Amino acid sequence: MFGLRNTRIGTRLGMGFGLILLASAAMLVGLMWSNASGRAALLETIRKADVQQEVMQEMHTKLLNSAISVRNMGLQTEVSGVTKNEAEARKHRAAYIAAKEKLESLGLDPEEKTLFERLADIDKKAMDYFKEAVDLQGQFNTEQSSAIITGKIDPLSVKAVQEMEAFIALQKQQKEEIIRVTNAANTTAASVIGGAGIVLL
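Residues numbered from 1 in each chain as written. Predicted model: local features only at pLDDT ≥ 70, side-chain atom pairs only at ≥ 80, totals over all residues. Heavy atoms only, no water.

(A) Representation of the nonpolar core. Core analysis: the biggest nonpolar cluster contains 19 residues, and M56, M59, L103, F116, M164 and F167 have the highest contact counts within it. Elements with a contribution of two residues or more to this core: α2 (9-73), α3 (79-105), α4 (110-138) and α5 (142-200). If we skip the residues at most four places from it in the chain, M56 touches L103, F116, M164, F167 and I168. (Core = buried A, V, L, I, M, F, W, Y, C linked by side-chain atoms within 4.5 Å. Buried < 20%, exposed > 50% of the residue type's maximum accessible area, 1.4 Å probe, protein only. Helix = DSSP H or I, 4+ residues; strand = E, 2+ residues; numbered from the N terminus. Contact = heavy atoms within 4.5 Å.)

Listed below in structure tokens is the structure:
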């Protein structure tokens, strides 16, 4: 401390200014790193949301194909026709379940998990009715089988589609929000970096 007092004023001012420059440079580097990290996180969020939407669209397609096969099954009057449409419905259903499991493996937030729980409940009810319709169709009880398909399975398919559309809308909303937040943070960082750059100059 005694040595610092004996240091010339010009030297002390130079040392102080040097410390300011050093601190400003450190802040500048930190902000640039933070900005780069934020952009990387944004790109990863967008990538994940795009993959989730793509898989959900696949689920949507497979569910509709399954519903068409189930409805066609109810129109059959021969065992061969019933067996064919049943097999098609099960094939599309299996692809739907596989896509659903893939989507769940990507990770879901609490709101998305709640939506998937509702979807799982709908799927279980639909499969129970599907088995019942197949049994009735196998007994050539076309009227009751068709009544289950149109009165039970079809409404559940509509509900499932609505849940999937809600998921897609949620993904779009989350993506737009993360983009908004990241852009706002980048704007703030740019302002601070600009100010730090002026100090460095």
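From this point, things continue past the structure.
(B) Spatial organisation of α4. With 29 residues, α4 should reach 42 Å at 1.5 Å per residue; the first-to-last C-alpha distance of 42 Å fits that figure. Inspection of α4 places E112, L115, F116, L119, I122, D123, A126, F130, A133, V134, L136 and Q137 among the buried residues, and these make up the whole buried set. With a side-chain oxygen lying 3.1 Å from the backbone nitrogen of E111, the N-terminal cap of α4 falls on D109. F140 occupies a position one or two residues after α4 and carries a positive phi of about 60°. (Expected span 1.5 Å × (residues − 1). Polar contact = N/O pair within 3.5 Å; in protein donor to acceptor, adjacent residues only side chain to side chain.)

(C) Structural detail: the environment of K62. Tracing the sequence through the fold places K62 in helix α2. Here K62 falls in the partly exposed class, since its relative accessible area comes to 24%. The sequence separation of K62 and A95 amounts to 33 residues, and the corresponding C-alpha distance is 6.5 Å. Sequence-distant contacts of K62, that is, excluding residues within four places in its chain, are made with H92, A95 and Y96.

(D) Expanded view of α3. End to end, α3 covers 39 Å across 27 residues, agreeing with the expected 39 Å (1.5 Å per residue, within 8%). Of all the positions in α3, only G81, V82, N85, E86, A89, H92, R93, Y96, A99, K100 and L103 are classed as buried. At the exit of α3 stands G107, carrying a positive phi of roughly 100°.

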